[in-house]
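# Fold and geometry: a report
What follows is each chain in one-letter form.
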Amino acid sequence: MTIPVLTIDGPSGAGKGTVSRAVAKKLGWHYLDSGSIYRSLAISVLDQQIDLMDESAVTQVAKNMQLAFECNDELVVKLQGVDISARLPTEETGAVASKVAAYPAVRKVLLQKQKDFRQLPGLVADGRDMGTVVFADADIKVFLTASAQERGERRFKQLKEKGIDANLGKITAEIELRDRRDSERKTAPLIPAEDAFYLDSSDLTIDEVINQVITLTVM
Ligand code: DC
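Residues numbered from 1 in each chain as written. Predicted model: local features only at pLDDT ≥ 70, side-chain atom pairs only at ≥ 80, totals over all residues. Heavy atoms only, no water.

This part is about the site of the ligand. Near the ligand, the surroundings consist of 17 residues, among which Arg 39, Arg 107, Arg 128, Arg 178 and Asp 182 are the closest. Here an oxygen atom of the ligand and a side-chain polar atom of Arg 128 are 2.8 Å apart. The separation between an oxygen atom of the ligand and a polar side-chain atom of Arg 178 is 2.8 Å. Listed by contribution, the elements that provide at least two residues to the shell around the ligand are helix H2 (34-47), helix H4 (91-100) and helix H8 (168-184). Ranked by residue count, the leading element in the shell around the ligand is H2, at four residues. (Near = heavy atom within 4 Å. Polar contact = N/O pair within 3.5 Å; in protein donor to acceptor, adjacent residues only side chain to side chain. Helix = DSSP H or I, 4+ residues; strand = E, 2+ residues; numbered from the N terminus.)

Now the structure itself:
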C-alpha cells in the first residue's frame, strides 16, 4: 500500500509552512518541513565553524546530525538533543541553509531522512524539491509562489512578530538572492513539477490558499 503524499514546493516566504501545517492538521496527516532539515544543518555547520566551501566536511556534518522533530502547534526541532527551534527562522540560518543545500552529496545524505516522514495515514511535505525529487510519485503536488515584494513583506512581519530585528529592503533582496541560488543550482533546483498545480498567493489570503489546497485533496 502506498502512503499518500501532498507536496507543497515554492520559494521562500510563499506561505508554504503555514499552509502545509494547516492542511496537515485538517487532513490529520504528518507534516515534513524539509527546509528545517537544511536549516538545522546550517546551524550545525556554523556552530562547528566548518568551512562552507568544503563540501565533504559539510556532508560529514550532515551524516552526523541527530535530529528529532516534535510537531504540536509550533515545530520543535532538537539537534543532538538540544532545542534549536528559536534559531531556525533567522535570515542567517536561511542563507547558510541555501548554500549547504546546493551540495549534491549533502542532498543525497538527507534524502532518506525526508523519505522516512512518509507514514500513515499520509504526509504533507513542504520544500523546494518535494514533488520533483523526494516524493516524485506524490498524489497531489502544489507549487505555491508569490511576488518577491509580497514575500518580503510577509517574512518581515513574521520576523517582527517573533521579536527578531529586521529590515524590509534587506529581506526582499535576500529573498531574491536565495530564489536565484535555489533555482539555478544543478541538483534538485526549485522548479515546479510538471504535474504540479501552480498557485500564486500574491493576492490571496492564507485561508483562501488553504481552501484551494484542501479542494485539491477531495477532487
Ligand atoms: O523553506 P526554507 O526557507 O526553510 O528553506 C531554507 C533553505 O533550505 C532554502 O533556501 C533552500 C533549502 N531547501 C532545499 O534546498 N530543499 C528543500 N526541500 C527545502 C529547503
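After presenting the structure, the write-up continues.
Another aspect to go through is the side chain of Ser 98. For Ser 98, the location among the structural elements is in helix H4. A distance of 2.9 Å separates the side chain of Ser 98 from the side chain of Arg 181, its partner in a polar contact. Apart from the residues within four sequence positions on either side, Ser 98 is in contact with Arg 178, Arg 181 and Asp 182. (Contact = heavy atoms within 4.5 Å.)

Counting residues in each nonpolar core, the largest one holds 31 residues, and the members touching the most others are Leu 32, Leu 41, Val 58, Val 106, Leu 110, Leu 123 and Phe 135. When residues in this core are grouped by element, the largest group, six residues, is from H2. Discounting chain neighbours no more than four positions away, the residues touching Leu 123 are Pro 4, Val 5, Leu 6, Trp 29, His 30, Tyr 31, Leu 32, Phe 117, Arg 118 and Phe 135. In this structure, Leu 6, Ala 14, Val 23 and Ala 24 belong to the second largest nonpolar core, which totals 17 residues. (Core = buried A, V, L, I, M, F, W, Y, C linked by side-chain atoms within 4.5 Å. Buried < 20%, exposed > 50% of the residue type's maximum accessible area, 1.4 Å probe, protein only.)

Moving on, we come to the sheet that holds strand E7 (residues 140-145). Overall, parallel pairing links the five strands, which are arranged E2-E6-E1-E7-E8 in an open sheet. Looking along the sheet, the strands with just one partner apiece sit at the ends: strand E2 (30-33) and strand E8 (197-200). Here the strands of the sheet are splayed against their neighbours by 20° on average, with no regard to which way each runs. Strand contacts of helix H1 (residues 16-27): strand E1 (5-9), E2, strand E6 (123-127) and E7, with the helix running at about 175° to E6, the strand carrying the most contacts. The strands touched by H2 are E2 and E6; relative to E2, the strand with the most contacts, the crossing angle is about 45°. (Pairing = 2+ DSSP bridges. Axes fitted to C-alpha atoms, helices over the stretch in contact; angles between N-to-C directions.)

Attention now goes to the environment of Ile 171. You can see Ile 171 is positioned in helix H8. Along the backbone, Ile 171 and Lys 186 are 15 residues apart, and their C-alpha atoms lie at a distance of 25 Å.

As a further point, take the pattern of salt bridges. Taken as a whole and judged by the stated rule, the model has eleven salt bridges. Between Lys 78 and Glu 70 there is a salt bridge, with its nearest N and O atoms 3.8 Å apart. Note on Lys 78: relative accessible area 30%, which makes it partly exposed. One salt bridge connects Arg 155 with Glu 91, and the closest N-O pair in it is separated by 3.5 Å. Highlighted residues: Arg 155 in helix H7 (residues 148-161) and Glu 91 in helix H4, separated in sequence by 64 residues. Arg 155 sits in the buried class, given a relative accessible area of 13%. One salt-bridge network, held together by shared partners, links Arg 128, Asp 182 and Arg 185. (Salt bridge = Lys/Arg side-chain N within 4 Å of Asp/Glu carboxyl O.)

On to the environment of Ser 147. Along the chain, Ser 147 falls in the loop between E7 and H7. Of the residues examined, Ser 147 reaches a relative accessible area of 35% and is grouped as partly exposed. Sequence separation of Ser 147 and His 30 is 117 residues, and the distance between their C-alpha atoms is 29 Å.

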